[in-house]
Amino acid sequence: MESKGQVANGGLPAGAGSDQIPNAKPQKPLALILFGPPGSGKGTQSKLLLKTLDFPQISTGDMLREHVRRGNAVGTKVEAKMKAGILVKDEVVNRLVEERLAQPNAARGFILDGYPRTRAQAETLCGMLAGRGAEAVVIHLVVDYNEVIARLTGRRQCPVCGTLYNLKFKPSKVPGVCDLEGAALIVRDDDREEVIRERLDAYQNQTKPLIEYFREKGKRLYDVDASSEPPEAVFQKILALIQ
Ligand code: ADP
């Protein structure tokens, strides 16, 4: 059985494997920020990247949904807003991210999916990164508006493993059933059409302006066309940019 223990690569940075020099100087932790509208493929790319980089994916949407599922205090606070496609309070997500970044497996680097989404979140994140000496790379997934609508309205998700499907672009082998878990696929509450519009408005008004903020702060930012090529090709482009 293969061991993937944390000691195995001596705490080396991203992609460090047995072929790396054992005494290589540790690099700064990498904060890979996947940025883009709902439906741009942030979740899909995170899942591809985490396998290669061996970094955790930090998805505020997934974390919030988990709190809602558990029905705890955070979940109760955010549920209605999520169902309506409105952003939840900055202090709630900032705290979740801060706690998550404190966990040991985020020490070498991490993938941020769906965070930051407001100016206040971006400022908090910059403080957290400075405290860790982490380098940020922002990958802006650029997708045509009509394409986003088509992707979101056809989206289905496995409630067990989170795998995303699309009726048109990526159907499951058996309609309505997850290829991996055999579970019945669901439509997320916030993938209904009127909610999709809210989410896109939130992106346009509150999140998209952060591109300018990242530029002002001198962060490495790359636009990646995520409209016309399949996820695997987009993933290869991202890898080439960060390696
Ligand atoms: P998508 O990117 O497709 O809209 P997510 O799963 O990232 O989906 O987010 C779902 C919902 O969770 C959002 O509509 C919002 O209500 C809430 N949410 C997730 N991340 C944040 C965040 N960083 N700030 C505020 N709200 C968030």
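Quick notes on the rules
- Residues numbered from 1 in each chain as written.
- Predicted model: local features only at pLDDT ≥ 70, side-chain atom pairs only at ≥ 80, totals over all residues.
- Heavy atoms only, no water.
- Near = heavy atom within 4 Å.
- Polar contact = N/O pair within 3.5 Å; in protein donor to acceptor, adjacent residues only side chain to side chain.
- Areas by Shrake-Rupley, 256 points an atom, 1.4 Å probe, with all protein chains shown as cover.
- Helix = DSSP H or I, 4+ residues; strand = E, 2+ residues; numbered from the N terminus.
- Nonpolar A, V, L, I, M, F, W, Y, C, P; charged D, E, K, R; others polar.
- Axes fitted to C-alpha atoms, helices over the stretch in contact; angles between N-to-C directions.
- Left-handed = near helix turned anticlockwise from the far one by under 90°.
- Contact = heavy atoms within 4.5 Å.
- Buried < 20%, exposed > 50% of the residue type's maximum accessible area, 1.4 Å probe, protein only.
- Pairing = 2+ DSSP bridges.

S.K.: Could you give an account of the site of the ligand, with specific residues and numbers?
M.R.: Around the ligand sit 19 residues, and of these Thr60, Arg65, Ile86, Gln121 and Arg199 come closest. One of the side-chain N or O atoms of arginine 65 is found 2.8 Å from an oxygen atom in the ligand. In the model, an oxygen atom of the ligand is placed 2.6 Å from a nitrogen or oxygen of the arginine 199 side chain. Coverage of the ligand by the protein amounts to 96% of the 550 Å² it exposes when considered alone. Here the element with the most residues in the shell around the ligand is helix 2 (residues 60-70); it accounts for 4 residues. The class makeup of the residues in the shell around the ligand is 8 nonpolar, 4 polar and 7 charged.

S.K.: I'd like a description of the packing of helix 2 against helix 3 (residues 73-84), backed by residues and values.
M.R.: Running from amino to carboxyl end, helix 2 crosses helix 3 at an angle of 115°, the nearest separation of the two axes being 8 Å. Relative to helix 3, the crossing made by helix 2 is left-handed. Contact residues: helix 2 offers Gly61, Leu64, Arg65, His67 and Val68, while helix 3 offers Val74, Gly75, Val78, Glu79 and Met82. By residue class, the composition of the contact of helix 2 with helix 3 is 5 nonpolar, 3 polar and 2 charged.

S.K.: Quick one: what's the story with the side chain of serine 40, residue by residue and with numbers?
M.R.: Inspection of the secondary structure assignment puts serine 40 in the loop between strand 1 (30-35) and helix 1 (42-53). Since its relative accessible area comes to 3%, serine 40 is described here as buried. Sequence-distant contacts of serine 40, defined by excluding residues within four places in its chain, comprise Leu141, Val143, Arg151 and Ala226.

S.K.: Can you lay out the sheet that holds strand 7 (residues 220-225) for me, pointing to particular residues and giving the numbers?
M.R.: Taken in spatial order, the 5 strands make up an open sheet running 2-3-1-4-7, and their pairing is parallel. In this open sheet, the two strands that pair with only one neighbour each are strand 2 (57-59) and strand 7. Adjacent strand axes in the sheet meet at a mean angle of 20°, parallel and antiparallel pairs treated alike. Bridging between strand 2 and strand 3 (residues 109-113) involves 3 bridges; their strand directions are parallel. Bridging across to strand 3, serine 59 finds its partner in aspartate 113. Here helix 9 (residues 231-242) sits on the sheet in contact with strand 1, strand 4 (135-142) and strand 7, set at roughly 160° to strand 7.

S.K.: Which residues make up the pairing of strand 4, and what are the values?
M.R.: With 6 of its 8 residues buried, strand 4 lies for the most part within the structure. In terms of strand pairing, strand 1 meets strand 4 through 6 bridges, oriented parallel. Of the residues in strand 4, the one forming a bridge with leucine 34 is isoleucine 139. The pairing of strand 4 with strand 7 spans 6 bridges and is classified as parallel. Counterpart to valine 137 in the pairing with strand 7 is arginine 220.

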